[in-house]
Amino acid sequence: MQREVSEMIDAMKRGDTRALARTITLVENRSPGWKEAMQAIYGDTGSACVFGITGSPGAGKSTLTNEIALRLHDQGYSLGIIAVDPSSPFSGGALLGDRLRMRNICMKTDIFIRSMATRGVLGGLCQAARDVVRILDAAGKDIILIETVGAGQDEIDVVRVSNFVMVVCIPGQGDGIQAIKAGIMEIADLFIVNKADLGGADEIVADINGMLDLCTHNGIPRPPIMKTSTETKEGLDALVENLIAYARERKAATEVNRNHVKEEILSLLEREVFHFVREELSGNGRFEEAVEQVLSHRADPYSTVEELLGSFPLYRGMKTREK
Amino acid sequence: MNENRKIRVLISKPGLDGHERGAMVVAYGLRDEGFEVIYTGLRQTPEQIVNAAIQEDVDVLGLSILSGAHLGLTRKVIDGLGAQQADDILVLLGGIIPEEDIPALKEMGVDEIFTAGTPIKDISDFIRSHLPRSPEQEPVIEKP
């Protein structure tokens, strides 16, 4: 490993904030040395409890994160927060505004807040977020909060990086539950009906209950529903008590964790294989040639893929065995 | 060359100054130029700004000040960055800044001052041509 990288990691483990921030940048950018950095960090991970916060846009996730963090901080927990916002698919840029809603905790310099952009699908938010979680874990944070972007595929990904997922709903959006129904209802360990000071909170609670009645839980405990309001502070203390209780009782190795590990190895493998294949193909011009073939309708994309893969002995061997 | 490298910019408003429009225009404009822009909002203390710049590991810090307190506030931010060995961060200043204060601000360590009416392109060009600051920072490439 490069000397600067290993020095940076040592400093990070000693509690140096700048080194921590720099390590995150190195890994998020996949700059040279990132993999060695993660290899060096992995041994120090596994002790932090990771809470995911997801829900539709405007549900109050950032404000809620602020309130939760403030209470956990007051109880003496060291905290890391990852706040994810979308990148523009057009410019590649992003406006990361979660700090705006986290004013109270921005005053506390010992709470580490990092804004992350999704950087498009190929950026692999899930893996990057997972890596950042590990870095914060190795830096000695007790609890890590991840706040996701609004509705979308990424919301489901949060489950793969968190030990415990909160799904935030709000009253007044008749379609609120409809919008988050597919997929996201199944990942919740806890439902939060936020903005409970507005009318209609009880109806949403009833809706969620109605939906949970229809689900088969397969031995997984039915997720509780809590009402909160960041305006009146209703329910916030109780919510945080719940989270702390969960963090204390958490078991290290569960079936869920096993699935997370499987999924992570497969996705890292997939990326490596993809990069390998892309590098090999771009080197010899065959890829460009294939594009021309398909463009002029002399070949179809399906057989083109098979043909391109045919240049790899491993793939050829597999195909031969299939026959 | 690392194509994943993204330029990160923190836009912040120090002190008691409620004029947010300029900072927002710059934040949105730089996002459209392909930067990752972190916006902290109004009424930040110099300590909060330095803290956010360090945690977010930004390449650029943009301060917007229209209150007249630019000399004092900017000095505190720059001293704070220096105390954390973060003086490699590019510091830009915008807002209502009198011509005669510009030499003092540059002397202090502000890399450039962009007053009202500056096209966004001037700011993004300045950022691209002044990064990376140190040899260990990686090369920066244009947006896709």
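Because the structure is predicted, anything quoted here is derived from the model rather than measured. (Residues numbered from 1 in each chain as written. Chains lettered and ligands numbered in written order. Predicted model: local features only at pLDDT ≥ 70, side-chain atom pairs only at ≥ 80, totals over all residues. Heavy atoms only, no water.)

Chemist: Help me out: how do you make sense of the side chain of S88 of chain A in this one?
Modeler: Mapping S88 of chain A onto the fold places it in the loop between strand 2 (79-85) and strand 3 (94-96). Only 3.1 Å separates the side chain of S88 of chain A from the backbone nitrogen of S91 of chain A, close enough to count as a polar contact. (Helix = DSSP H or I, 4+ residues; strand = E, 2+ residues; numbered from the N terminus. Polar contact = N/O pair within 3.5 Å; in protein donor to acceptor, adjacent residues only side chain to side chain.)

Chemist: Mind showing me how you'd approach the interface of chain A and chain B here?
Modeler: Think of interface size as the accessible area that goes away when the parts come together; that is how it is often given. On the chain B side, the residues contacting the 30 residues of chain A number 35 residues. Buried surface at the junction of chain A and chain B, both sides included, amounts to about 2800 Å², of which 43% is carbon and sulfur. Together, R18, L95 and R99 of chain A form the three largest contributors to the area buried by chain A at its contact with chain B, with a combined 24%. The shortest N-O distance in the salt bridge between R22 of chain A and D88 of chain B comes to 3.0 Å. Among the secondary structure elements, those contributing two or more residues to the side of chain A that touches chain B are helix 2 (17-28), strand 3, helix 5 (103-106) and strand 4 (112-117) of chain A. Of all the elements, helix 2 of chain A adds the most residues to the side of chain A that touches chain B, at six residues. Taken together, the residues of the side of chain A that touches chain B sort by class into twelve nonpolar, ten polar and eight charged. Summarising the sheet, strand 3 of chain A and strand 2 (residues 36-39) of chain B pair through three bridges and their orientation is parallel. (Contact = heavy atoms within 4.5 Å. Buried area = accessible area lost by both parts, 1.4 Å probe. Salt bridge = Lys/Arg side-chain N within 4 Å of Asp/Glu carboxyl O. Nonpolar A, V, L, I, M, F, W, Y, C, P; charged D, E, K, R; others polar. Pairing = 2+ DSSP bridges.)

Chemist: Explain the pattern of salt bridges here, please?
Modeler: Once their charged atoms are close, side chains differing in charge can pair, the charge on each being opposite to the other. Evaluation of the coordinates by the stated rule reveals 28 salt bridges over all chains. Between D213 of chain A and R222 of chain A there is a salt bridge whose closest N-O contact spans 2.9 Å. When its relative accessible area of 37% is taken as the criterion, R222 of chain A is described as partly exposed. A salt bridge links R128 of chain B to E33 of chain B; the nearest nitrogen and oxygen atoms lie 3.4 Å apart. Note that R128 of chain B is positioned in helix 5 (residues 120-130) and E33 of chain B in the loop between helix 1 (21-32) and strand 2, a separation of 95 residues in sequence. The buried category is assigned to E33 of chain B, whose relative accessible area is 13%. Here the residues in one salt-bridge network are E28, R99, R114 and R119 of chain A together with R8, E36 and E56 of chain B, joined through shared partners. (Buried < 20%, exposed > 50% of the residue type's maximum accessible area, 1.4 Å probe, protein only.)

Chemist: Got a minute to help me understand the packing of helix 13 (residues 286-295) of chain A against helix 14 (residues 301-309) of chain A in this structure?
Modeler: All names here are of chain A. Where helix 13 meets helix 14, the axes come as close as 10 Å, and the angle between the chain directions of the two elements is 160°. By the criterion of interaxial angle, the relationship of helix 13 to helix 14 is roughly antiparallel. Judged by the twist between their axes, the crossing of helix 13 over helix 14 is right-handed. Contacts between helix 13 and helix 14 involve R286, F287, A290 and V294 from the former and P301, T304, E307 and L308 from the latter. (Axes fitted to C-alpha atoms, helices over the stretch in contact; angles between N-to-C directions. Parallel < 35°, antiparallel > 145°, perpendicular 65-115°, else oblique. Left-handed = near helix turned anticlockwise from the far one by under 90°.)

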